[in-house]
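Next come the chains, spelled out residue by residue.
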Amino acid sequence: MPRFLLTRVTSGLGVLLLVCLFTFVVFFALSPDPAVQICGKNCTPEVIDQIRGNLGLDQPFWTQFFHFVVGIFAGRTYGEGAGAVECAAPCLGYSFQSSQAVWDMIVQRLPVSATIAVGAAVLWLLAGLAGGLLSAVKEGTFLDRFTTGLTLTSMSIPNYVLALVLQYVLVVKLQWLPFPQAVAFADDPGQWFANFVMPWIVLAVGYAAAYTRLTRANVLDVLRENYVRTAYAKGLAQPLVWRRHALRPALTPVVTIFGMDFAGLLGGALITETVFGINGVGKMAADSIARNDQPVIMGVTLLAGFLVVVGNIVVDVVYTAIDPRVRVNA
Amino acid sequence: MTSFPTDLTTAQPVEAGTDDTPEAPAAAAAGAVRAGAGGPWQALRRDVGAMLGLGYIVLVTLVAVLAPVLTSISGWTPYEFDQTAIDPNLGGMPIGPWGGVTAEHWFGVEPGSGRDIFARIVYGARVSMSIALSATALTTVLGVSLGLVAGYFGGRVDLVISRVMDFLMAFPALIFMIAVLSALPASNRSTLLVVVISVFGWPYLARIVRGQTMSLAQREFVEAARAAGASGTRIVFREILPNLRSTIIVMATLAVPGYIGTEAGLSFLGVGVVPPAPSWGQMIAASVKWYAVDPAYFVFPGACLFLLVLSFTVLGDRLRAVVDAQEGR
């Protein structure tokens, strides 16, 4: 087990380093003039020169990359003397437009994004598992066909379209919900729920549909296995067969997918937060696109890569814990 | 009393699913489609959902191809500003109900600018379809050829290709696409979109093609071809590839809606198709500011986009059910 974990962590670090390199190449080698890009729209030649000096753009590519990677672990200082800018570890870059380290900007907004992500995950897991089990139990009935139709529809509706429809109907027309804002749970639990419920739904709908289909297919597959037939032959009643023999193997793949989906949620949060105007990490990234604030986009990309890599490792570990077949092989 | 026969009979309905038909396992895969005696096309033709989806796809394709003709009939190009259709006293709100739907402007006009929404949707269909279909074509070519090579030749080639696939699939694709597109110059975005989408899309097809190639390579007909002296390339393309046809068609059909959504999403975030060229995603992004006062502005492009994605999803889903049923899985 430790050896298996060690391999996973090593390969994870390798992937992260490659993500770093890719991002770095894109921003510092492909873009026409990084200093101009970083400087943004309201820019003067002096500022450009300063940024060029600060970033050490006169140095060779590998030196720059080395400084960047070291900065993540040890922090770094941009420039010298009076104009020097401190960027403490983990230094994912420095936004010269908002005069803030990218990491600090992320940390400020992470709680909001985490609230949206966790709430949506709870929602889609519950809906997906319930829907999938229900349509597997009622396989072939009207309910099953209705669920199948509903999942196809939910998978097809782009989340920003759904967001606009919900917001128009529930907020503008019926006035049941407020325009979403980041209300803290401690301040007012009721308002917290009312403000976050639409982002949760919008982010969760597509996943809920996919999980319903996955759960249904898995359960039906497992019910055709020989050991389920054996369990019935032994004389076990149906609920017991489901609980003891069918559900665990049917639901383990869901765990794998869930870990990866949850880790990759930053992409979906980008659109959801932007549509609702909620100030999380995703909206920050989207705003940075409009302002051409490249260090921020780069920092968020690295964070997203980190989350995916960590998510994969966690999934592998959890998987060995809940699936005995894998445990034997590892 | 627990005798074996009784328990087996009570177990029967659950075993075969609660469906009352004997061929339930085959049909249960993804819906109510049952393969008839004819080919997949015959089975598909009896499916209402698949045919409706196909109908809408054909319609959108025709609209995209005939865009210039349609806009010459409707009388407005996507770039023309119609100041008479909007009310300057109300901040540029379209005049008339439903976002200014009139005989003049069939789908109304954009608030603020007065551009014809019908014309922009028609031209936006060109963008959506051409990008999604090109990306699908490129993904399919990449995925199939790399999957075939990895699956058939194995060894070091397989190792390298598999590693690249693992890497790309463990990558925050959407965020990285945004990063790449925002860093690169805005010229020729359509081509860039196609390339970026395909680079991250091919592993999903290649992985399946690789797996199927590996099992097909063990079959007798491949053995026979090898014994007859056929070269590796010949075996891969003449013997194995034709057997993957249905898999490839299904996977490609199911990939299209994802790419339509990705293109619209990227355009929505402002890193996709560059204005003033119309795209559905970009129209929806522009409508965010107006949705409270002019819902029609997002309803038209939103509905078109949703229906197109839904059509491809349903068609692909039914296609897979038919193919699965015919292969007796």
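Each chain carries its own residue numbering, running from 1 in the written order of its sequence. Here every chain gets a letter starting at A, and every ligand a number starting at 1, in the order they are written. Where totals are concerned, whole chains, interfaces and linings use all residues; where local detail is concerned, this predicted model gives features only for residues with pLDDT of at least 70, and gives and counts side-chain atom pairs only at 80 or more. The basis for the side-chain values is all heavy atoms of the structure; hydrogens and waters are excluded.

### Some details on the overall build of chain B
Next, step 1: Helix and strand labels come from DSSP, where a helix needs a run of H or I of at least four residues and a strand needs a run of E of at least two; each type is numbered from the N terminus. Tallying secondary structure elements over chain B gives 15 helices and two strands in all.
Next, step 2: Only protein chains enter the calculation, and the probe is 1.4 Å; a residue is then buried if its accessible area is under 20% of its type maximum, exposed if over 50%, and partly exposed in between. Among the 329 residues that make up chain B, the fraction classed as buried is 51%.
Next, step 3: Long-range pairs, those at least 24 residues apart, make up 72% of the contacts in chain B between residues at least 6 apart in sequence. Contacts are assigned to residue pairs with any non-hydrogen atoms lying within 4.5 Å of each other.

### Side note on the overall build of chain A
Next, step 1: Helix and strand counts for chain A come out as 14 helices and four strands.
Next, step 2: A total of 330 residues make up chain A; the buried ones form 47% of that total.
Next, step 3: Once local pairs closer than 6 in sequence are excluded, the contacts in chain A between residues at least 24 apart make up 63%.
Next, step 4: All accessible-area figures derive from a Shrake-Rupley calculation using a 1.4 Å probe, and residue coverage is judged against the displayed protein chains alone. For chain A, the exposed area adds up to about 15,500 Å²; of that, 66% sits on carbon and sulfur atoms.

### Section: the nonpolar core
Next, step 1: Counting 130 residues, the largest nonpolar core has Trp124, Tyr160 and Val300 of chain A together with Ile260, Trp280, Leu305 and Leu308 of chain B as its most contacted members.
Next, step 2: If one sorts the elements of this core by residue count, helix H15 (residues 296–326) of chain B sits on top with 13 residues.
Next, step 3: Ignoring anything within four residues of it in the chain, the contact list for Val300 of chain A reads Ile106, Leu266, Val281, Met284 and Ala285 of chain A together with Ile175 of chain B.
Next, step 4: Joining through side-chain atoms within 4.5 Å is the link that ties buried Ala, Val, Leu, Ile, Met, Phe, Trp, Tyr and Cys residues into a set, and such a set is a nonpolar core. Tyr152, Val209, Val222 and Leu244 of chain B belong to the second largest nonpolar core, which has 14 residues in total.

### Examining the layout of surface pockets
Next, step 1: A volume near 670 Å³ is recorded for the second largest pocket.
Next, step 2: Two kinds of site are reported from a 1 Å grid over the protein atoms alone, namely cavities, where a 1.4 Å probe fits but cannot get out, and pockets, open sets with protein on both sides within 12 Å along at least five of seven lines, and residues are called lining when an atom falls within 4 Å of a point. Taken together, 26 residues form the lining of the second largest pocket, with Ala290 of chain A together with Phe268, Leu269, Gly270 and Val271 of chain B sitting closest to its centre.
Next, step 3: If you list the elements that add at least two residues to the lining of the second largest pocket, you get helix H11 (265–276) and helix H12 (281–291) of chain A together with helix H9 (173–183), helix H13 (245–268) and helix H14 (280–287) of chain B.
Next, step 4: Tallying contributions element by element places H12 of chain A first for the lining of the second largest pocket, with four residues.
Next, step 5: Residues are grouped as follows: nonpolar covers Ala, Val, Leu, Ile, Met, Phe, Trp, Tyr, Cys and Pro; charged covers Asp, Glu, Lys and Arg; every other residue, Gly included, is treated as polar. Along the lines of polarity and charge, the residues of the lining of the second largest pocket split into 15 nonpolar, seven polar and four charged. Grid points are joined across faces, edges and corners, and a volume is the space filled by probe spheres set on the points.

### Some points on the packing of helix H8 (residues 189–223) of chain A against H11 of chain A
All names here are of chain A.
Next, step 1: Orientation of H8 relative to H11, taken along the N-to-C sense of each, is 140°, at an axis distance of 10 Å. With respect to H11, the axis of H8 lies oblique. The two elements H8 and H11 meet at a crossing, and its hand is right-handed. For the pair H8 and H11, the contacting residues are Met198, Pro199, Val202, Leu203 and Tyr207 in the first and Leu265, Gly268, Ala269, Thr272 and Phe276 in the second. Helix axes are fitted to C-alpha atoms over the stretch in contact, other axes to C-alpha atoms as well, and angles between N-to-C directions run from 0 to 180 degrees. For this classification, under 35 degrees means roughly parallel, over 145 means roughly antiparallel, 65 to 115 means roughly perpendicular, and everything else is oblique. Crossing handedness is defined as follows: a turn of the near helix away from the far one that is anticlockwise and smaller than a right angle gives a left-handed crossing, while the clockwise case is right-handed.

### Section: the interface of chain B and chain A
Often, the extent of an interface is quoted as the loss of accessible area on bringing the components together.
Next, step 1: Across the contact, 48 residues belong to chain B and 57 residues belong to chain A.
Next, step 2: Put simply, a salt bridge is a Lys or Arg side-chain nitrogen that is within 4 Å of an Asp or Glu carboxyl oxygen. Inspection of the chain B/chain A interface yields one salt bridge.
Next, step 3: Note that Arg213 of chain A and Asp317 of chain B form a salt bridge whose closest N and O atoms lie 2.5 Å from each other.
Next, step 4: The definition of a polar contact used here is a pair of N or O atoms within 3.5 Å, where within protein one atom must be able to donate a hydrogen and the other to accept one, and adjacent residues in sequence count solely through side-chain atom pairs. At the surface where chain B touches chain A, the tally comes to three residue pairs in polar contact (both at pLDDT 80 or more).
Next, step 5: Within the residue set of the side of chain B that touches chain A, elements represented by two or more residues are helix H1 (4–15), H9, H13, H14 and H15 of chain B.
Next, step 6: Top element by residues in the side of chain B that touches chain A is H15 of chain B. It accounts for 11 residues.
Next, step 7: For the side of chain B that touches chain A, the residue count by class is 34 nonpolar, eight polar and six charged.

### What about the confidence of the model for chain A?
Next, step 1: You can read pLDDT as the predictor saying how much it trusts each residue, on a scale of 0 to 100. For chain A, per-residue confidence averages 80 on the pLDDT scale, and residues scoring 70 or more make up 88% of the total.
Next, step 2: Ranking the helices and strands of chain A by mean pLDDT puts helix H5 (residues 102–137) of chain A first, with 89, and helix H14 (residues 324–329) of chain A last, with 58.

### Re empty space enclosed by the protein
Next, step 1: On inspection of all chains with the given rule, the structure shows two cavities of 30 Å³ or more.
Next, step 2: By volume, the second largest cavity amounts to about 40 Å³.
Next, step 3: Going through the elements one at a time, helix H13 (294–322) of chain A together with H9 of chain B are the ones with two or more residues in the lining of the second largest cavity.
Next, step 4: Taken together, the residues of the lining of the second largest cavity sort by class into six nonpolar, one polar and no charged.

### Remarks on the pattern of salt bridges
Next, step 1: In the structure shown here, the tally under the stated rule is eight salt bridges over all chains.
Next, step 2: Of the charged contacts, one joins Arg216 of chain A and Asp144 of chain A as a salt bridge, the two residues approaching to 2.8 Å between their closest N and O atoms. You can see Arg216 of chain A sitting in helix H8 and its partner Asp144 of chain A sitting in helix H6 (residues 142–156), a full 72 residues away along the chain. The same class applies to Arg216 of chain A and to Asp144 of chain A, which are both buried.
Next, step 3: Close ionic contact of Lys283 of chain A with Asp287 of chain A constitutes a salt bridge, the shortest N to O distance being 3.1 Å. Highlighted residues: Lys283 of chain A and Asp287 of chain A, both in helix H12, separated by four residues, approximately one helical turn.
Next, step 4: Residue class for Asp287 of chain A comes out partly exposed when judged on its relative accessible area of 30%.
Next, step 5: One salt-bridge network, in which partners are shared between bridges, spans Arg213 of chain A together with Asp47, Asp317, Arg318 and Arg320 of chain B.

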